[in-house]
Amino acid sequence: MPVLLYRVMVVRIMGLDPGLATLGFGIIECQTGEAGGGSLFSVIDFGAIQTEAHQPLGDRLQTIYADLHTLLEQWQPDLVGVEKLFFYRMGNTIAVAQARGVLVLVLAQRHLPIFELTPAQIKQALTGYGNAKKYQVQEAVARELNLQAIPKPDDAADALAIALATWFDHDRVSDLI
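Parameters at a glance
- Residues numbered from 1 in each chain as written.
- Predicted model: local features only at pLDDT ≥ 70, side-chain atom pairs only at ≥ 80, totals over all residues.
- Heavy atoms only, no water.
- Buried < 20%, exposed > 50% of the residue type's maximum accessible area, 1.4 Å probe, protein only.
- Helix = DSSP H or I, 4+ residues; strand = E, 2+ residues; numbered from the N terminus.
- Pairing = 2+ DSSP bridges.
- Axes fitted to C-alpha atoms, helices over the stretch in contact; angles between N-to-C directions.
- Contact = heavy atoms within 4.5 Å.

Asker: Teacher, can you tell me more about helix α4 (residues 134-144) here?
Answerer: Every α-helix winds through 3.6 residues per turn, so residues three or four apart in the chain are directed the same way. For α4, every residue scored as buried is listed here: V137, Q138, A140, V141 and A142. A positive backbone phi angle near 55 degrees is found at N146, which sits one or two residues after α4.

As structure tokens, then:
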């Protein structure tokens, strides 16, 4: 009788939803290779790094820098999924781009692979439809991660969606780790 051996792979993924006022984060652990196929997901942590609008820009960026370093030190992800910028209002785009620059710097300092996804790619990965509504994506996050409720704040739910969408693109993930 043949003996079946399964290679179990465990990957810790951090999803980041860039923002200056609120930067969402979500950390999941993905395990694959179990008998019967499929993947198991567990939520490690989620939340948001928040900065105050009345603070000078430099102070806000410094908060993001320090808090992101702390999260990375605490959770030690194998790779990080980040949403690509996509905005309609130019003023908001510049502020988020500055926060995203700090985020990319911190990840580069830690030599972490970055997996970038567009909003449409995230929606497609979780709902099968690239123009899905925000609540449909949030419901998919709760369902995939076996959560009783949609994670709050919304930025954290978005970050968990980014982490899941990162994992669902197995071919690109395998190249990064």
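Structure shown, so let's carry the discussion forward.
Asker: Hey, could you run me through the sheet that holds strand β4 (residues 79-83) in this one?
Answerer: The five strands are arranged β3-β2-β1-β4-β5 in an open sheet whose pairing can be described as mixed. Where the open sheet ends on each side, the last strands, each with one partner, are β3 (39-50) and β5 (114-117). For this sheet, the mean inter-axis angle between neighbouring strands, taken without regard to orientation, is 20 degrees. With nine bridges connecting them, strand β1 (residues 9-17) and strand β2 (residues 22-32) associate as antiparallel partners. Bridge assignment links M14 to a residue of β2, and that residue is I27. Each of β4 and β5 is contacted by helix α3 (residues 119-127), which is oriented at about 90 degrees to β5, the strand it contacts most.

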